[in-house]
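Spelled out from the first residue to the last, the chains are:
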Amino acid sequence: MKATLILENGKTFQGKAFGYLKETVGEVVFNTGMTGYQEVLTDPSYTGQIVTMTYPLIGNYGINLGDRESRTPKVKGFIVRERAEMPNHWRCEMDLEGYLKENKIMAMEGIDTRALTKILRNNGSMKGIIALRDLTPAQIQNKFDSFSNTNAVESVSTKEVYELEGKGKHVAVLDFGIKQNILRSLQHKGCRLTVFPALTPTEEILKVNPDGILLSNGPGDPKDLPQVVETIKELLGVKPIFGICLGHQLLALSLGGDTEKLKFGHRGCNHPVKDLLNKRIYITSQNHGYVMKADQLPEDIIITHVNVNDQTIEGIAHRTLPAFSVQFHPEAAPGPKENDYLFDRFMKMMKGESLCQEITA
Ligand SMILES: NC(=O)CC[C@H](N)C(=O)O
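Note that the structure is predicted; figures quoted are calculated from it, not measured.

## Looking at the overall build of the chain
Part 1 of the argument: When helices and strands are counted, the chain shows 11 helices and 19 strands.
Part 2 of the argument: Relative to the globule expectation of 21 Å for 361 residues, the C-alpha radius of gyration of the chain, 20 Å, shows essentially globular dimensions.
Part 3 of the argument: Overall, the C-alpha framework of the chain stretches about 60 × 45 × 40 Å when taken along its three principal axes.
Part 4 of the argument: Out of the 361 residues in the chain, the part that is buried amounts to 48%.
Part 5 of the argument: Contacts spanning at least 24 positions in sequence make up 75% of the contacts within the chain whose residues lie at least 6 apart.

## Some remarks on the UniProt feature "active site" (unreviewed entry) in the chain
Part 1 of the argument: In the numbering adopted here, UniProt assigns the feature "active site" (unreviewed entry) to C245, H329 and E331. A maximum C-alpha distance of 11.1 Å places the annotated residues, which cover 87 residues in sequence, within one compact spot.
Part 2 of the argument: Not counting the four nearest positions on each side in its chain, H329 is found in contact with N217, I244, C245, T284, S285, Q286, N287 and G335.
Part 3 of the argument: Secondary-structure assignment places E331 in the loop between β19 (323–326) and α10 (341–350).
Part 4 of the argument: Each residue touching E331, except ones within four places of it in the same chain, is listed here: K179, N181, I182 and S185.

## A closer look at the environment of R267
Part 1 of the argument: Following the sequence through the fold, R267 ends up in strand β15 (residues 259–275).
Part 2 of the argument: Separated by 20 residues in the primary sequence, R267 and N287 have C-alpha atoms spaced 4.2 Å apart.
Part 3 of the argument: Those residues in contact with R267 that lie beyond four places of it in its chain are V29, F30, N31, T32, Q286 and N287.

## Structural notes on the environment of V80
Part 1 of the argument: Position of V80 among the secondary structure elements: in strand β6 (residues 77–80).
Part 2 of the argument: By C-beta crowding, V80 is classed as buried, having 25 other C-beta atoms within 10 Å.
Part 3 of the argument: Separated by 205 residues in sequence, V80 and S285 place their C-alpha atoms 20 Å apart.

## Overview of the UniProt feature "domain: Carbamoyl-phosphate synthase small subunit N-terminal" (unreviewed entry) in the chain
Part 1 of the argument: Per the UniProt annotation, the sites labelled "domain: Carbamoyl-phosphate synthase small subunit N-terminal" (unreviewed entry) are residues 1–131.
Part 2 of the argument: Annotation note: span residues 1–131, helix share 18%, strand share 34%, distance between end C-alpha atoms 11 Å.

## Section: helix α3 (residues 113–123)
Part 1 of the argument: The complete set of buried residues in α3 reads T113, L116 and L120. For α3, the arc enclosing every buried residue in end-on projection is 60°, short of the 170-degree limit, so these residues lie on one face. With respect to the buried face of α3, the exposed residues turned more than 90 degrees away are R114, A115, K118, R121 and N122.
Part 2 of the argument: G124 lies just past α3 and shows a positive phi near 95°.

## A word on the sheet that holds strand β16 (residues 280–292)
Part 1 of the argument: Sheet architecture is open: 10 strands sit in the order β10-β12-β11-β13-β14-β19-β18-β17-β15-β16, paired in mixed fashion. Every interior strand has two partners, whereas the edge strands, β10 (162–164) and β16, have only one. Each strand of the sheet is rotated relative to its neighbour by a mean of 25°, with strand direction disregarded.
Part 2 of the argument: Alignment of strand β11 (residues 170–175) against strand β13 (residues 212–215), held across four bridges, turns out to be parallel.

## A closer look at the site of the ligand
Part 1 of the argument: Taken together, S45, N217, G218, P219, G220, C245, L246, N287, H288, G289 and Y290 are the residues near the ligand.
Part 2 of the argument: Take the shell around the ligand: its biggest share by element is four residues, from β16.
Part 3 of the argument: Residues that form the shell around the ligand fall into these classes: four nonpolar, seven polar and no charged.

## Describing the sheet that holds β6
Part 1 of the argument: Judged by pairing direction, the barrel is mixed, and its seven strands sit side by side in the order β1-β2-β8-β6-β4-β3-β9 before closing back on the first. Ignoring strand direction, the axes of neighbouring strands in this sheet form an average angle of 35°.
Part 2 of the argument: Examined bridge by bridge, strand β2 (residues 12–19) and strand β8 (residues 106–109) share four bridges and lie antiparallel to one another. Bridging across to β8, A17 finds its partner in M108.
Part 3 of the argument: Contacts from α3 reach β1 (2–7), β2, β3 (24–31), β4 (49–53), β6 and β9 (126–131) within the one sheet, and its direction differs from that of β4 by about 125°.

Procedures and definitions
- Residues numbered from 1 in each chain as written.
- Predicted model: local features only at pLDDT ≥ 70, side-chain atom pairs only at ≥ 80, totals over all residues.
- Helix = DSSP H or I, 4+ residues; strand = E, 2+ residues; numbered from the N terminus.
- Rg over C-alpha atoms; globule rule 2.2 N^0.38 Å.
- Buried ≥ 20, exposed ≤ 12 C-beta atoms within 10 Å, placed from the backbone.
- Contact = placed C-beta atoms within 7 Å.
- UniProt positions renumbered as here; feature names shortened; annotations may be inferred.
- Arc of directions from axis to C-beta.
- Pairing = 2+ DSSP bridges.
- Axes fitted to C-alpha atoms, helices over the stretch in contact; angles between N-to-C directions.
- Near = placed C-beta within 6 Å.
- Nonpolar A, V, L, I, M, F, W, Y, C, P; charged D, E, K, R; others polar.

Below is the structure:
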């Protein structure tokens, strides 16, 4: 069946529909990973977004449910140059098309994804519709106008508090749409976890007397969560805090910093970042459209990481309080595992060691 991608700037692409055949609207963004499409599809931070992969052949190792980052795919739509019809991998349980169909995700193949990515790079991320029939200009405008992603975090955060076993430090996790591998990474360090819904008040979190707080990744604009910013302000200095991606942006706002939207974001598992504390470059996994503003840096904040491609802020730490965060994904999934050392930093912080020595060294 024919499908048309209609972009907000009026450009259209004709291709073939696959997956679940139902018109969809979302923010169109591109991901530069050559692999990792299962993790991308199920990362809750993509809620509300239609993702196009820049790598041209997608689906060649199929789907294995063990690699999901949440129970179901969260993307609003998926666009590929070429879909592999005969996947082959020893862990493969089903093909991409079957998986998308089962989970009601509309997808499209056969378009020039390089041309699409160039449009997004030059004009910035924009809304798009994957349509299965002709739409009038008024219908198109109406669909764009009625699309909103402001309640994304609430839709993907856990509804109930739950615990995960561990013999070591007890971490209170604020779930804004957490990727499973953040939980697994903390459990590998021996942590016991209590996972809270995004809007849990401070007293409830402190009631379990955690050794530290993890602020998770999640979808949307950090400024849509002023309540959470207030909660983090109350937790600052009371417990060690580690923020990842949306968690980093929320920590930045709590510390008096500001955030802004990037033109086309950073998405992929091949983004170079420099750690300014140990002077090393790491290849990181990223998925974000917003970033902390460099020109309004609060005095007591130090920049710990920068993006090597565009020099944007990728990590911060408080000079005296036990709180730090990174804009990228140290848990990878998908991507290189070399950033696991940041979980070790958090472990050290929970043992009472200060990052300050590393900062002033
Ligand atoms: N992965 C994330 O946590 C994304 C954070 C935020 N939604 C952004 O796009 O910048």
